[in-house]
Amino acid sequence: MRKILSIFIISLFVLAGCAPAFSLEAPGGADSEVTEAKSPSELTVGVSVSTLSNPFFVSLEDGITTLANENDTTIISVDAQDDSAKQTNDVDDLIQQGVDVILINPVDSATIAPAVESANSSGIPVIMVDRATDAGEFVTLVASDNVAGGEMAGQYIVDQVGEGAKVLQLEGVPGASATNERGQGFENVAETSLNVLDSQTANFDRAEGLTVMENMLQGNSDVQAVFAQNDEMALGAIEAIQGAGLSNQITVVSFDGTEGGIKAVEDGSLAATIAQQPDEMGRLALQAAYDFYAGQEIPEKIDSPLELVTKD
């Protein structure tokens, strides 16, 4: 498999000119900063993942735990099961357990904000992973450049199908930063070069991707391409497209580069995926926690690898 385009910017190591996004305070919000350094083996790290039913986030958690095992770091990991209320409670539980730092991959960027602010009030640093928070302070956001990825997907459709191609879009969880940013990037290309017939949410879920695509195809049988904001929705959409007998007519492009997505590219049912490396994203997030407690200056954003993968 040849990788057409690659973006690999790891800002973690580019420290010049970076200002910390978070000033750790003592528990209770006191003005004095906590200056005690801690080694990786002394840390207890809380990890709140949006859902472990999605293979992408399983790989993300694996990246965290692998690096933690290499450094004897204690990890307490919780699965929000795509439930914002559960995630808020999970983070509150991690705060009560007195973890040293919390890595949060939010279900929703808005509803996670009170939990982030609770961690702030308790003097516990927060690192956001893959998706940001709408409020509250955090050390850094570790994520792929979702806007650039959305642009890559849109441009690939233009290159393969042509200017003015009729396209459908499957959006992720409403309110999630990844949904907003991938959609923004796609729109940056689509507004001048594509004809978007319809765009609906399928919540990053395969089953919903199937159902929503079935409904969208009923009124848009002349569609030429689909952009799904993650591989899971794309795999569901492909089932719907195959069921409608339109496989030879529609080019499907997605985002994430999960094992299932890569296999679909290899068998030709998926034209391309904007591949992240979730295990590396997890490692970068935990490394940021190590660096924070080593007294290093952390950039506000750490970019994780991103690449366009096709069968050719």
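All figures in this text were calculated on a predicted structure; none of them were measured in a lab.

Some points on the overall build of the protein chain
From N to C terminus, the protein chain includes 9 helices and 13 strands. Expressed as a percentage of its 312 residues, the buried residues of the protein chain come to 53%. Pairs at least 24 apart in sequence give 76% of the contacts found in the protein chain among residues at least 6 apart. Summing over all exposed atoms, the protein chain offers an accessible surface of approximately 12400 Å²; the carbon and sulfur share of this is 44%.

Examining the sheet that holds strand S6 (residues 140-143)
The strands that make up a sheet are held in pairs by hydrogen bonds between backbone atoms, and each pair lies either parallel or antiparallel. Ordered by their spatial adjacency, 6 strands build an open sheet running S3-S2-S4-S5-S6-S12, and the pairing between neighbours is parallel. Only two strands of the sheet have a single partner each, and these edge strands are strand S3 (74-79) and strand S12 (301-303). Ignoring strand direction, the axes of neighbouring strands in this sheet form an average angle of 20°.

Focus on unusual backbone geometry
For Gln81, which is not a glycine, the phi torsion comes out positive at approximately 55°. Secondary-structure assignment places Gln81 in the loop between S3 and helix H2 (84-96).

Side note on the packing of H2 against helix H3 (residues 113-121)
Packing of H2 against H3 brings their axes to within 9 Å, and their N-to-C directions diverge by 10°. It follows from the interaxial angle that H2 and H3 lie roughly parallel. Seen from H2, the contacting residues are Thr88, Val91, Asp92 and Ile95; seen from H3, they are Ala115, Ser118 and Ala119.

With respect to the environment of Ala234
Position of Ala234 relative to the elements: it lies in helix H7 (residues 231-243). On the basis of relative accessible area, Ala234 is assigned to the buried category, the value being 0%. Excluding residues within four positions of it along the chain, Ala234 makes contact with Ala228, Val252, Ser254 and Leu270.

Some points on the environment of Asn188
Here Asn188 is to be found in helix H5 (residues 177-193). Taking relative accessible area as the criterion, Asn188 reaches 32% and is therefore assigned partly exposed. For the pair formed by Asn188 and Gly150, sequence separation is 38 residues and the distance between their alpha carbons is 8.4 Å. The contacts of Asn188, once residues within four sequence positions are left out, are Val147 and Glu151.

Here's the deal with the pattern of salt bridges
On inspection of all chains with the given rule, the structure shows 9 salt bridges. A salt bridge links Asp100 to Lys38; the nearest nitrogen and oxygen atoms lie 2.6 Å apart. Remark: Lys38 occurs in the loop between strand S1 (3-7) and strand S2 (44-49) and Asp100 occurs in the loop between H2 and strand S4 (101-104); sequence separation between them is 62 residues. On the accessibility criterion, Asp100 (11% relative accessible area) is buried. Overall, the relative accessible area of 23% leaves Lys38 in the partly exposed class.

Re H5
Taking 1.5 Å of rise per residue, 17 residues should cover 24 Å, and H5 covers 24 Å from first to last C-alpha, within 8% of that figure. The sharpest bend along H5 measures roughly 30° and falls at Glu187. Taken as a whole, H5 has its buried residues at Ser177, Ala178, Thr179, Arg182, Gly183, Gly185, Phe186, Val189, Ala190 and Ser193. Packed against the buried residues of H5 are helix H4 (146-161), strand S7 (165-171), strand S8 (194-201), strand S9 (225-228), strand S10 (251-256) and strand S11 (272-276).

Some remarks on the confidence of the model for the protein chain
Do not read the predicted coordinates in detail wherever pLDDT is low. Mean pLDDT over the protein chain: 90, with 89% of residues reaching 70 or higher. In the predicted structure, residues 1-34 sits below a pLDDT of 50 and forms 83 contacts with residues beyond four places in sequence or in another chain.

Digging into the packing of helix H6 (residues 206-219) against H7
One way to put it is that H6 packs onto H7 with a least axis distance of 7 Å and a crossing angle of 45°. Taken together, the axes of H6 and H7 are oblique relative to one another. In this structure, the crossing between H6 and H7 has a hand that is right-handed. Mapping the contact onto sequence places Arg206, Gly209, Leu210, Met213, Glu214 and Leu217 in H6 and Glu232, Met233, Leu235, Gly236, Ala237, Glu239, Ala240 and Ile241 in H7. Here the residues of the contact of H6 with H7 are counted per class, giving 8 nonpolar, 2 polar and 4 charged.

Reading guide: rules and limits
- Residues numbered from 1 in each chain as written.
- Predicted model: local features only at pLDDT ≥ 70, side-chain atom pairs only at ≥ 80, totals over all residues.
- Heavy atoms only, no water.
- Helix = DSSP H or I, 4+ residues; strand = E, 2+ residues; numbered from the N terminus.
- Buried < 20%, exposed > 50% of the residue type's maximum accessible area, 1.4 Å probe, protein only.
- Contact = heavy atoms within 4.5 Å.
- Areas by Shrake-Rupley, 256 points an atom, 1.4 Å probe, with all protein chains shown as cover.
- Pairing = 2+ DSSP bridges.
- Axes fitted to C-alpha atoms, helices over the stretch in contact; angles between N-to-C directions.
- Parallel < 35°, antiparallel > 145°, perpendicular 65-115°, else oblique.
- Salt bridge = Lys/Arg side-chain N within 4 Å of Asp/Glu carboxyl O.
- Expected span 1.5 Å × (residues − 1).
- Bend = angle between axes of the 7 residues up to and from the residue.
- pLDDT = per-residue confidence, 0-100.
- Left-handed = near helix turned anticlockwise from the far one by under 90°.
- Nonpolar A, V, L, I, M, F, W, Y, C, P; charged D, E, K, R; others polar.

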